[in-house]
Every structure is written in C-alpha cells, then in structure tokens.
Amino acid sequence: MESQKIILVAMTEDRLIGREGRIPWHIPEELQLFRELTVGHAVLMGRRTFESIGRPLPERRNIVLSRTLGPTPGVIVCVDLRKGLAEGAAHGSKTFIIGGRQVYREALPIADFMRISWISGHYAGDVYFPPFSLSDWEEIDSRDRTGFRHATYRRRNGDAKHPDHPPCSPDLR
Ligand SMILES: NC(=O)c1ccc[n+]([C@@H]2O[C@H](COP(=O)([O-])OP(=O)(O)OC[C@H]3O[C@@H](n4cnc5c(N)ncnc54)[C@H](OP(=O)(O)O)[C@@H]3O)[C@@H](O)[C@H]2O)c1
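Residues numbered from 1 in each chain as written. Predicted model: local features only at pLDDT ≥ 70, side-chain atom pairs only at ≥ 80, totals over all residues. Heavy atoms only, no water.

Visitor: I keep staring at the confidence of the model for the protein and nothing clicks. Help me out?
Guide: If pLDDT is low for a region, its predicted coordinates should not be looked at in detail. Counting all residues, the mean pLDDT for the protein is 92, and 90% of those residues have values of 70 or more. When the criterion is pLDDT under 50, residues 158–171 qualifies, and its contacts beyond four places in sequence or with other chains add up to one contact. (pLDDT = per-residue confidence, 0-100. Contact = heavy atoms within 4.5 Å.)

Visitor: Sorry, what's going on with unusual backbone geometry here?
Guide: Generally, phi is negative for residues other than glycine and the peptide bonds are trans, each holding for most cases. Looking along the chain, the bond that leaves Gly-99 and enters Gly-100 is cis, with omega of 0°. Residue placement: Gly-100 occurs in the loop between strand E6 (94–97) and helix H4 (101–107). We note that Glu-20 has phi near 45°; this positive angle belongs to a residue other than glycine. Tracing the chain through its elements places Glu-20 in the loop between strand E2 (16–18) and helix H1 (28–38). (Helix = DSSP H or I, 4+ residues; strand = E, 2+ residues; numbered from the N terminus.)

Visitor: Where do I start with the sheet that holds strand E3 (residues 42–46) in this structure?
Guide: The pairing of strands in a sheet comes from backbone hydrogen bonds and takes either a parallel or an antiparallel form. On the basis of which strands lie adjacent, the open sheet formed by eight strands has the order E5-E4-E3-E6-E1-E7-E10-E9 and mixed pairing. In this open sheet, the two strands that pair with only one neighbour each are strand E5 (75–78) and strand E9 (137–145). Pairs of neighbouring strands in the sheet enclose a mean axial angle of 25°, with direction left out of account. Relative to strand E10 (residues 148–155), E9 is paired through eight bridges, and the arrangement is antiparallel. Each bridged residue has a counterpart across the sheet, and for Trp-137 the counterpart in E10 is Arg-155. (Pairing = 2+ DSSP bridges. Axes fitted to C-alpha atoms, helices over the stretch in contact; angles between N-to-C directions.)

Dropping the structure here:
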C-alpha cells in the first residue's frame, strides 16, 4: 500500500503558524496530540523547523529537507521533497509533513490529507501557512479540544467533484 502523505499543522483562523522562528502559542494538549499522532511514523520537516525543535523527535523517523545541513545524528537529511517522501514511504504507512511554511507550500499540491489544529484567538507572528482553498478538501473529522479544534481533511479527487458519476460500473446481469 502507498504511504499516506499527511500535512500536520497548527494555525489560527488567519493562517498564522510562526513567530521569530518558533510557535506563537503554548498549548500542551496540542503538543500531546502532535505526539500521539506522529509516534511510530515518519516526520518530514524543513531545516529551520528542525533547528527550532532543536533535536530529533524520539520514536519517529526524522527526515529533514535541506541543501545546507551536513550529516546529522538521528535525522535523515534530504535535498528535495521527492527524496524525503521516498524515505518516509520506505519507513511505513504514514509520513507526517510537519512544516514550516516552505515545506507546507511545496507539499500542499501532493498531500493526501491535512490535519489542522485551528487555534482559538489571535496571536502576533510573522510566518503564515500558504494560501489554500478549503473547497479542495473534504472535512472528514472534527474534534473540539481545549484552545483549539482539530479537523481532518481528505483531498477531493476528480471523482469527488462529480458525485453524479457512479463509483462502479452498473451490474448489467
Ligand atoms: N504552527 C505549526 O504547526 C508549525 C509547524 C512547523 C513550523 N512552524 C513555524 O514555521 C517557521 C519556519 O518555517 P520556514 O518556512 O521559515 O522554514 P522551514 O520550512 O521549516 O525550513 C526552510 C528550510 O528548509 C529547507 N527546504 C525547504 N524546502 C526544501 C526543499 N524542497 N528541498 C531542500 N530543502 C528545502 C531549506 O533549508 P536550507 O536553507 O538548509 O537549504 C529551507 O531554508 C517557524 O516559525 C516555525 O516555528 C510552525
């Protein structure tokens, strides 16, 4: 089975994701959810996000995209997204694309799912998730948590945009 490519992001309603190289909020339940979702899977991130986290995330295959970072203990450094995703797929069934903005922008057209923690309230910051159209995505799950709502989206494919077409050919017997 092909590996699922899942964008995982926490953002405000106006798509804010970062401030001065860090996350603008501290929401322990969101961090816990991030851990629960990603442990045992591959996490793919940009070099700046890796440096912001400051260490490889334990119990996950850490894949870092960079054209400048040398070999680094505990992580696989890849020079482009395609190679990074191949490393993720070789590891298992899910690759979580965990940011930052540059990596999200490149992954948006090819991700199968998005899991968005919609953070309540307003924060100051300087990095935003790239613009995207929610109409390209079907919301398949939503849970209210403390300080945020976590929603899961599946990319609408060509068939989903034409629901009149039956999914299978009719039984002509
Ligand atoms: N709210 C959230 O869920 C969330 C999640 C993650 C990050 N963030 C925030 O986002 C901000 C960082 O985002 P960012 O856009 O500045 O940085 P980033 O995407 O984390 O990292 C950018 C770097 O990754 C490398 N890179 C990106 N695409 C590449 C590609 N296709 N091939 C090879 N290398 C590639 C380059 O590294 P080199 O320069 O080394 O080549 C580039 O400079 C921080 O504020 C962070 O806290 C927020």
